[in-house]
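Residue-level structure breakdown
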Amino acid sequence: MDIKLDPSRDDLPLMANTSHILVKHYVLDLDVDFESQIIEGTIVLFFESGNRFKKRSSSTEIACRSEPNEACKFRMPEPCQIPVTDTKTFSSKIGYNDFVICGKGEKDTSGKDGNHDNQEQASGISSSKYCCDTGNHGSEEFLLVLDCCDLSVLKVEEVDVAAVPGIEKFTRSPKLRNQIVRELVALPADRWREQLDYYARCSQAPGCGELLFDTDTWSLQIRKTGAQTATDFPHAIRIRYRTKPQGRSVTWTSDQSGRPCVYTVGSPINNRALFPCQEPPVAMSTWQATIRAAASFVVLMSGENSAKPTQLQEGYSSWHYYVTMPMPASTFTIAVGSWTEMKPEICSSNDLATERSFSPSEADFRYVGVCGHMEYPCRFQNASATTQKIIPHRVFAPVCLKGACQETLLPLIPPCLSAAHSVLGTHPFSRLDILIVPANFSSLGMASPHIVFLSQSTLTGMSQLCGTRLCHEIAHAWFGLAIGARDWTEEWLSEGFATHLEDVFWAKAQQLAPHEAWEQQELRACLRWHRLQDEVQNSPEEMQVLRPNKEKTGHVSDSGSSVIRHGLNPEKVFMQVHYLKGYFLLRFLAKRLGEDTYFSFLRKFVHTFHGQLILSQDFLQMLLENIPEEKRPELSVGNIFRDWLESSGIPQALQRERQARAECGLARQVSAEVAKWVRVNRRPRKRKRKDREEVFEKVRHRWCELVVKHKYTKAYRDVERFLQEDQAMGIYLYGELMLGEDPRQQHLARRCFELSREQMDRSSAEVVAEMLF
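Residues take numbers from 1 onward in each chain, read along the sequence in its written order. Given that this is a predicted model, residues contribute local features only at a pLDDT of at least 70 and side-chain atom pairs are listed and counted only at 80 or more, while totals for whole chains, interfaces and linings are drawn from all residues. The side-chain numbers reported here are obtained from all heavy atoms of the structure, hydrogens and water having been left aside.

**Concerning the overall build of the protein**
Only DSSP runs of H or I with at least four residues qualify as helices, and only runs of E with at least two residues qualify as strands; both kinds are numbered from the N terminus onward. Scanning the protein from N- to C-terminus turns up 22 helices and 26 strands. For the exposure calls, accessible area comes from a 1.4 Å probe over protein chains only, and a residue counts as buried if that area is under 20% of its type's maximum, exposed if over 50%, partly exposed in between. Counting every position in the protein, which comprises 773 residues, the buried fraction comes to 58%. Between two residues, a contact is recorded if the distance between any of their heavy atoms is within 4.5 Å. In the protein, 75% of the contacts between residues at least 6 apart in sequence involve partners at least 24 apart.

**Some words on the sheet that holds strand β2 (residues 22-33)**
Two strands qualify as a pair provided DSSP detects at least 2 bridges between them. In space, the eight strands of this open sheet follow the order β8-β7-β11-β3-β2-β14-β17-β16, with mixed pairing throughout. Taken across any chain shown, the strands that pair with only one partner, and hence form the sheet edges, are β8 (207-210) and β16 (310-311). Across the face of the sheet, helix α2 (residues 177-185) comes into contact with β2, β3 (38-48), β7 (151-159), β8 and β11 (236-243) while running at roughly 90 degrees to β3. Between N-to-C directions, angles cover 0 to 180 degrees, with each direction set by a line fitted to C-alpha atoms, over the stretch in contact for helices.

**Some words on the confidence of the model for the protein**
Within the protein, residue pLDDT values average 82, and 79% of them lie at 70 or more. Contacts for the low-pLDDT stretch residues 51-138, under 50 throughout, to residues beyond four places or in other chains number 195 contacts. Residue-level confidence of the predictor is what pLDDT reports, using numbers from 0 through 100. Contacts for the low-pLDDT stretch residues 348-368, under 50 throughout, to residues beyond four places or in other chains number 44 contacts.

**Side note on the environment of H25**
Locating H25 in the fold gives a position in strand β2. Exposure remark for H25: the relative accessible area of 0% places this residue in the buried category. Along the sequence, H25 and W287 sit 262 residues apart, while their C-alpha atoms lie 5.2 Å from each other.

**Structural notes on the nonpolar core**
Of all hydrophobic cores here, the largest spans 152 residues; its most connected members are I222, I239 and F619. The contact partners of I222, leaving out residues within four places of it in the chain, are F142, L143, L144, L146, V156, L211, L212, F213, F233, I237 and I239. Of all hydrophobic cores here, the second largest spans 25 residues; its members include V707, F722, A749 and V768. Put simply, buried Ala, Val, Leu, Ile, Met, Phe, Trp, Tyr and Cys residues joined by side-chain atoms within 4.5 Å make one nonpolar core.

**Topic: the pattern of salt bridges**
Put simply, a salt bridge is a Lys or Arg side-chain nitrogen that is within 4 Å of an Asp or Glu carboxyl oxygen. On inspection of all chains with the given rule, the structure shows 31 salt bridges. Across the pair R240 and E40 runs a salt bridge, and its minimum N-O distance is 3.0 Å. Highlighted residues: R240 in strand β11 and E40 in strand β3, separated in sequence by 200 residues. Owing to a relative accessible area of 17%, E40 belongs among the buried residues under this scheme. A salt bridge links E194 to R191, with the nearest nitrogen and oxygen atoms 2.8 Å apart. When salt bridges with common partners are traced through the structure, they connect E158, D160, R177 and K224 into a single cluster.

**Digging into the packing of helix α9 (residues 492-509) against helix α10 (residues 514-537)**
Where α9 contacts α10, the axes come no closer than 10 Å and their chain directions differ by 150 degrees. Viewed along their axes, α9 and α10 adopt a mutual orientation that is roughly antiparallel. Between α9 and α10 lies a crossing of right-handed hand. Two secondary-structure elements touch here, α9 through T499, E502, D503, V504, W506 and A507 and α10 through A517, Q520, Q521, R524 and R528. The nonpolar class holds Ala, Val, Leu, Ile, Met, Phe, Trp, Tyr, Cys and Pro. Asp, Glu, Lys and Arg form the charged class, and all remaining residues, Gly among them, are polar. Looking at the contact of α9 with α10 residue by residue, the class counts come to four nonpolar, three polar and four charged. Our angle categories are set so that under 35 degrees counts as roughly parallel, over 145 as roughly antiparallel, 65 to 115 as roughly perpendicular, and the remainder as oblique. Take the far helix as the reference: if the near one is turned anticlockwise from it by less than a right angle, the crossing is left-handed, and if turned clockwise, right-handed.

**Description of the sheet that holds strand β21 (residues 432-436)**
Ordered by their spatial adjacency, five strands build an open sheet running β19-β20-β21-β23-β22, and the pairing between neighbours is mixed. Strands at the two margins of the open sheet, each flanked by one partner only, are β19 (340-342) and β22 (445-448). Adjacent strand axes in the sheet meet at a mean angle of 25 degrees when their direction is disregarded. Inspection of the sheet shows β19 paired to strand β20 (residues 393-397) by three bridges, in the antiparallel sense. From the neighbouring strand, M342 faces β20, where its bridge partner is V395. Each of β20 and β21 touches helix α7 (residues 413-424); the most contacted strand, β20, lies at about 135 degrees to it.

**Brief notes about the packing of aromatic side chains**
Ring pairs shown here join Phe, Tyr and Trp side chains whose ring centres sit within 6.5 Å, with only the six-membered ring taken for Trp; geometry is labelled stacked below 30 degrees between planes, edge-to-face above 60, and tilted in between. This structure, assessed with the given rule, holds 27 aromatic pairs. Judged by centre distance (6.3 Å) and plane angle (65 degrees), the ring pair of W478 and F505 falls under edge-to-face. You can see W478 sitting in the loop between α8 (463-475) and β24 (483-485) and its partner F505 sitting in helix α9, a full 27 residues away along the chain. Each member of the pair, W478 as well as F505, carries the same accessibility label: buried. Grouping aromatic residues by their ring pairs yields a cluster made of F479, W492, F497, F601, F605, F609 and F619. In this structure, R528 is placed above the aromatic ring of Y583, and the distance from its NZ or CZ to the ring centre is 4.4 Å. The ring of F641 carries R547 above its face, with NZ or CZ at 3.9 Å from the centroid. Charge-over-ring contacts are defined here by two conditions on Lys NZ or Arg CZ: a distance within 6 Å of the ring centre and an angle within 35 degrees of the ring normal.

**Here's the deal with the side chain of S616**
Relative to the assigned elements, S616 resides in helix α13 (residues 616-625). The buried category is assigned to S616, whose relative accessible area is 0%. Only 2.3 Å separates the side chain of S616 from the side chain of E490, close enough to count as a polar contact. Contact partners of S616, with chain neighbours within four places excluded, come to E490, W492, L493, R547, F641 and L645. Each polar contact in these results corresponds to two N or O atoms within 3.5 Å; when the atoms are within protein, one needs to be able to donate a hydrogen and the other to accept it, and residues that are neighboring in sequence are counted only if both atoms are side-chain atoms.

Following this line, the structure appears as structure tokens:
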């Protein structure tokens, strides 16, 4: 039975049966075609199974409920050929013809709603077992379920890893394909280069039998005739597929210079419309990718290496990236466009010395402590990496933003990275790329392994917005990436920590005196308090809960599948309750413990849990163990769950604290400055157009809010420009335009939306459309 959800209110399903078999490594080999707006190629998945992956009880099997001749049919292999109709297909030029011409079972139905023409026969997928009339009566065959959406799957086959030359060097069973993969994925961390090399070789090995597959809205289901358990199922498979232009994991658009580009947008459905994968966070894997595009494009990706292009024939280039730290597939990020690397006009030799890259394979690699994660080349065990304050970094943007990047962003990166290191210690990742993404990006920033996306909105005005947002995304390297939430409904474990840490990092980056740092942080706490009050008053109560699954948090079905509550609700993308309540909880705990003691504990926590997935109780239990008895009356994991994480609204402890807190000196200065400008604005005066433009450039969002509030019609052009150029912040301005019920402002909002909606991401467009219509 195909699962159909209402994206306006329902949960996001994670369908992969990770309890039975896990992807350990992905090898992607993809071509990016801007003319057709399609990414096409292959992905090879290497699996791990074990003794726990046994045949399941009949209670979790899928029984056929239709007539025998209609029952749960999979696409059976049949002779066909995929015609190569596009003469620009990259793979036809670089030796990948064996992937273009297929032998069987590859009807191209990409123009249809599903990937096959038998969608009415798609099977149910509530478990990992498949039991129906498939020509092998009475048998039960293991069903691999991958998360997949908006993809055209063309072919699935087992990979003959035994055919790889030299494979016998590290395996005891060179003729047993699954055993070869088991030994390959189990290679020790100090052999990571050899492991990556053999992954690449195996990914190019010939196929040794096509596999039966089918798709529905949310998943790709694969089985092999006669394979009754996960242990029997092929441990290396190759999937030939192509994305769809309307796929929700990537956005095809134009950059600020008008040149085409494509990038992953942090979609609610994550990467399942980019490649078939196991989405549940427990499926932590490594990956490597070869991406081909026209030579004029730059490919950026989540990867440990600073990739350089390899020139191919006829004007195409190839880029190769890899990661050796296992992470959820949802963290994979790619961006392809005509980006230009932005370099400072003057390069300090001291910076270059500090930024020397330390590879996990260097000679000084030695253990400086025991890690609790699965084995990988860990920077926390590299003595040189632990002292590296500033990791190597690059900045990319459209060439038209060169001046803004050099003036605003580039000078901030070294002090922000150094500040983060001074607070939390070892940088989890060896390098960082920062990309200024197109104007249709719906957020101010997004962090992924080794790469951060920033909105162009952060480049306007003074350094405060850029600096604080940069610190926020840098904080995600520790909380959100190196330490991830085992249950994605506990977003506060990522966003609450990043919000709390951004203030600490930014104060250190500015080298503020302690009293100056305190006043700045108190002012920001005051602003966040008002935002939290507004959020609570204007959002559904059920979406204000930080731990909505309560005692079932972290639980999955027997197969490993689960759902993300409210994961498909477009409004959720723009809610900040997880940021704000999480921030205030951590602030409350830090005050109770003492700032110095709290951050000393936080470094200990990072060292204990990096490379792992956690739940709220993992953090809280370890924290409370570090609080002296006299400092934690009425403070327990249960009480924090009840008062902060499992209830809607504002916690009483926070309300009491805000009511008792006296306004800091900086906040009083701001209040006085606001009062002064209120008085000034009441005076009639003339302002030159040049003055207004300078104001607009420095405080674009606040200026537009004032224009809307006071119905200053002469500056409506500024509002229109802001809504088209700063979509990361503009969505809130649409609400302001509509709330006043002024016909001219509402007409302005609708006109701007019509001009921008094709470039907007899906969630933003849905939320704005609901406001306007």
